[in-house]
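Overview (structure and organization)
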Amino acid sequence: MQRKHLLTTLCAMMCLALQTSAQTTTRLPVARAKYNFNPDWKLYPGDTTGAEKPDFNDAGWKNVTLPHAFNEDDAFKKDIHDLTAGISWYRKKFQVPQGSAGKKLFLEFEGIRQAGEFFLNGKPLGLHENGIMAFGFDITNKVNPTGDNEIAVRVDNRWDYREKSTNSTFQWNNANFYANYGGINKNVNLYVTDRLYQTLPLYSSFKTTGTYIYPHNFDVAARKAVVTTETQVKNEYEAPKNVELEVIVADRDGKIIKTAAGAKATIAPGQIQILKADIPLTNLNFWSWGYGYLYDVYTVLKVDGAVVDVVKTQTGFRKTEFGNGMVKLNDRVIQMHGYAQRSTNEWPALGTDVPAWISDYSNGMMVESNGNLVRWMHVTPSKQDVESCDRVGLIQAMPAGDAEGDPKDRRWEHRLEVMRDAMVYNRNNPSIVFYESGNKGITEEHMKDMKAIRDEFDPHGGRASGSREMLDSKVAEYGGEMLYINKSAKMPFWAMEYSRDEALRKYWDEYSPPFHKNGDGPKYKQESGFNYNRNQDSHAVENAVRWYDYWRERPGTGKRVSSGGVNIVFSDSNTHFRGTENYRRSGEVDALRIPKDGFYTHKVVWDGWVDPNKNGIHLVGHWNYKSGIKKDVYVISTGDKVQLLLNGKSLGYGTQSNQFVFTFKNIAWQPGQLKAISFDKTGKKLNEETLTTAGDPVAVRLTPHTSPTGLMADGADLALVDVEVVDAKGQRCPTALNMINFTLNGPAEWRGGLAQGPGNYILVKSLPVECGVNRVILRSLPQAGAITLQASADGLKSANISLTSKPVQVNNGLTPYFSASALKGSLKRGPTPQGPSFTLSRKAIDIASVTAGSNNEKANGSYDDNEITSWASDGQLQNGWIKYTFAKPERVDEVTLKLDNWRNRRYPIRIKVDGKVVYSGETTQSLGYVTLPVKSTQGSTLTVELAGANTDKDGFGLVEVTGKKDAAGAVIPDKKAILGINEIEIYHKL
């Protein structure tokens, strides 16, 4: 595309875009200019000399639009350990906008990987090294204001990169967790402001904090709150300035709902001062789960009545509370359920190089599956993903940066610096509700360090500061282990990652092509690899089984409750793996975001704030088999009974297990319709789902997906194209594995898809469908025009689609077009519902005192609401008992126990109420708690007795990355007749 010198037109376009985006009778003031600095870069994937010099010949370098990792081709083709690492160079020519003389100019990089040396017009501009966070440069006095400028960046993404000033490594630069897509892999922006301006929230770069907007004084029921705006202002004139703040709040449609005057001040030359305004707002739409209602807050600086600077902040307002073991959002208890997702959120052959609408597409699917929380893993997510979660209504847990462990050296300072920078940068994003201080537990002193940063930089944001583990912390505001169920009557505990099992989307079950028997595959670290080579059937059922562990201990089940947990991961990931492929396949969608059956399991069991919607149902699998096949059929349902019908004939009711799983054994296949119907306890029909046998494959079908504005010719936008094999009626053929051949014409770049096979078919123009479907990716070029894609397969009717990419005006390296500008918040789930989110099901019985047959001095540790403390008997069978006396006589219906070594050990026990045996049996291994139904009995005491020798055997086969097994709560000596209790709860049902 020819670049013309039309910068005055560019400024006019910016102003018009800002004004027309606000559909209001009052024209919003426009003073500050922000430009997209992503176009017109050149890339050299290697090291060279002299590339920082303006006269360097880069004619042979690759033309790219940012974000663009130099090694994006490696994504999902290579194991994370083999991703290309080394030096890459980026260069760009640009001109600053006309009228910039006397203005301030700032470059903002939203992040690079790992470290970069920056040069402007041949002179050093600065260094950035942490590989995560945004940073910037003041280029005001370093640019040529009337001619060409050239920026050059030397990026080093080596795994062993060391900080130049200290020689320290960065803990999170880790070849297991943080996929290494090197170079300038995030967006870049240029700001032009007055010399009296509101600062940028780039703390490490400028020691400035920008704007801070937060609601308080809530009346959720009346839809009221006070919104406070604080904005940091700097005067770089040579004379004092009399400044006043005005704040304008506009709703999602651009309608102004409030204009308010703020503070006035005289700001001396070189001085930085915070100006503040409090704004009472009514008729508010509170941001909520699946309800990404966002407002635009304009902070306007005036000098002598004239507007000199305007900052537009998109934010949302919501109320949070953390206590009694629970999380509240807008006064309603919400149990956390969602995903532990890699912060790279990567795609095949792209890595992190995706436009904003793709982030919404992916993150929106988490919400579609009824996830309410994403716990980004190890490093702070990109600003693009943070803003995307605001729009789709997805709560975020935001880490700083780590791998595993709690370092005591410079690497801990790194983590504090990143957390500080991330808080300042993201504190206006309502979806961030948790700050995560470490992927493993940290010391109390380190937790104090992290909390102090929160208290300094985000004291009013309604966000909890915590970390993984922290089960007995007095400082953390939330916690939770990685694989196991924790409960508390105090701070919320939710599992940071559970259900590590892996399943390739290609495998339905052992009766469908390619006939992968569940669990087939090599061992992992000398242990069974069964859990890491599942079929879709097995994986879908396992998702329901694992979630039941947390839901069973949900709010409403006593004083001590679980606040839920997040399943690892949402999308298959180019990180460490355990199955037979070279990438992690634990996702509920594959790397192209095509759902697996486990996606629909979550959609059923997670459809509620605590108690799920009773109408949820999913009939697992497909109904295309060969004659003579008999198989178990699974239905995931929140109903009380499920009936199965085949071609209208009842096959009876399923066996219910783990609350949500209904199994029908040995169902003989017949072509036609398989229907599942759910009912409540009274027999009222709730819902149904049908699988229909598809006919023989006859054709290929293509379905494109583009952004709401269409495909933009900016060199970075994407089109996703679904390819399916269908029968004569247009039904997808669920067992088809046909090889599809693609032909692409027009101004687009083939980025392809992914499938099981050589190199995972990355960037190859022939690849197979799996389970009848696949997806390919096209990337626009910087030239607009008609694009055609043809897909053909032997013996099938071919398919064609046409797309037209729209022009994007770029002038001298700058454009006012931002890919996120047209994206609106999703309101699909509606606002926070009124009323309670759960029904009380049981009441905890208060324990007044305890005695034990041995180690009596530690007996309180068995019921003190601290899972780190425990009581254990001395190994003598006759001393293996513990007796609890109630505060008053109570009816006992259930006993819940967290037993030492819970994953491996079985305990033969008796339970007595006032000396009467109400339970006798052997406990099962668990991932935390076991609940034992006892004979309903009134009494004043309860005794738990060991009735025989323990038996030890791992019940779950979970192996760490290192190949070591987690101790799973083994804090007691390895003796054969020992009773050990971390926590006991005694209940009567309501």
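Given the structure is predicted, the values throughout are model-derived calculations rather than measurements.

Note: strands within a sheet are paired through backbone hydrogen bonds, in either parallel or antiparallel orientation. Strand order in this open sheet of five strands is 40-47-46-42-44, and the pairing throughout is mixed. In the strand order of this sheet, the two ends are held by strand 40 (712-713) and strand 44 (766-768), each with one partner. Summarising the sheet, strand 46 (residues 785-792) and strand 47 (residues 799-807) pair through seven bridges and their orientation is antiparallel. Across the sheet, the residue bridging to Ala-791 is Ala-799, located in strand 47.

Right, let's get into the nonpolar core. One finds Ile-395, Phe-434 and Trp-494 to be the most contacted residues of the largest nonpolar core, which totals 58 residues. Looking at which element gives the most residues to this core, the answer is helix 7 (residues 536-551), with eight residues. Leu-200, Leu-416, Ile-442 and Met-447 belong to the second-largest nonpolar core, a separate cluster that totals 39 residues.

Judged by how many residues are buried, helix 4 (residues 383-392) sits mostly within the fold: nine of 10 residues are covered. Within helix 4, burial applies to Lys-383, Gln-384, Asp-385, Val-386, Ser-388, Cys-389, Asp-390, Arg-391 and Val-392. Those residues of helix 4 hidden inside the fold are in contact with helix 3 (356-368), strand 25 (373-377), strand 26 (395-399), helix 5 (410-426) and strand 27 (432-436). Positive phi shows up at Gly-393, right after helix 4, with a value of about 80°.

It is worth spelling out unusual backbone geometry at this point. Arg-113 connects to Gln-114 through a cis peptide bond whose omega is 5°. Relative to the assigned elements, Gln-114 resides in the loop between strand 6 (104-109) and strand 7 (115-120). Here the residue pair Pro-513 and Pro-514 is connected by a cis peptide bond, since its omega of 10° sits within 30 degrees of zero. The residue Pro-514 is located in the loop between strand 29 (495-498) and helix 7 in this model. One non-glycine residue with positive phi stands out, namely Asn-283, at about 55°. Mapped onto the secondary structure, Asn-283 falls in the loop between strand 18 (272-281) and strand 19 (295-303). One non-glycine residue with positive phi stands out, namely Ala-349, at about 60°. Within the element layout of this structure, Ala-349 appears in the loop between strand 24 (336-342) and helix 3.

Counting across every chain of the model gives eight cavities of 30 Å³ or more. The calculated volume of the largest cavity comes to roughly 260 Å³. Considering the residues around the largest cavity, the lining is formed by 23 residues, among which Asn-185, Lys-186, Thr-344, Thr-352 and Ser-382 are closest to the centre. The class makeup of the residues in the lining of the largest cavity is nine nonpolar, 11 polar and three charged.

Moving on, we get to the pattern of salt bridges. Using the criterion set out here, one finds 77 salt bridges in the structure. Where Asp-58 meets Arg-91, a salt bridge forms, and the shortest distance between an N and an O atom there is 2.8 Å. Pair noted here: Asp-58 is in the loop between strand 2 (41-44) and strand 3 (62-64) and Arg-91 is in strand 5 (residues 87-94), with a separation of 33 residues, a long-range link. Each member of the pair, Asp-58 as well as Arg-91, carries the same accessibility label: buried. The partner of Asp-632 in a salt bridge is Lys-665, with the nearest N and O atoms 3.0 Å apart. Linking Asp-632 in strand 32 (residues 630-637) with Lys-665 in strand 36 (residues 661-668), this pair joins segments that are 33 residues apart in sequence.

Conventions adopted
Residues numbered from 1 in each chain as written. Predicted model: local features only at pLDDT ≥ 70, side-chain atom pairs only at ≥ 80, totals over all residues. Heavy atoms only, no water. Pairing = 2+ DSSP bridges. Helix = DSSP H or I, 4+ residues; strand = E, 2+ residues; numbered from the N terminus. Core = buried A, V, L, I, M, F, W, Y, C linked by side-chain atoms within 4.5 Å. Buried < 20%, exposed > 50% of the residue type's maximum accessible area, 1.4 Å probe, protein only. Contact = heavy atoms within 4.5 Å. 1 Å grid on protein atoms, 1.4 Å probe; cavity = no way out; pocket = protein on both sides within 12 Å on 5 of 7 lines; lining within 4 Å. Points joined across faces, edges and corners; volume = space filled by probe spheres on them. Nonpolar A, V, L, I, M, F, W, Y, C, P; charged D, E, K, R; others polar. Salt bridge = Lys/Arg side-chain N within 4 Å of Asp/Glu carboxyl O.

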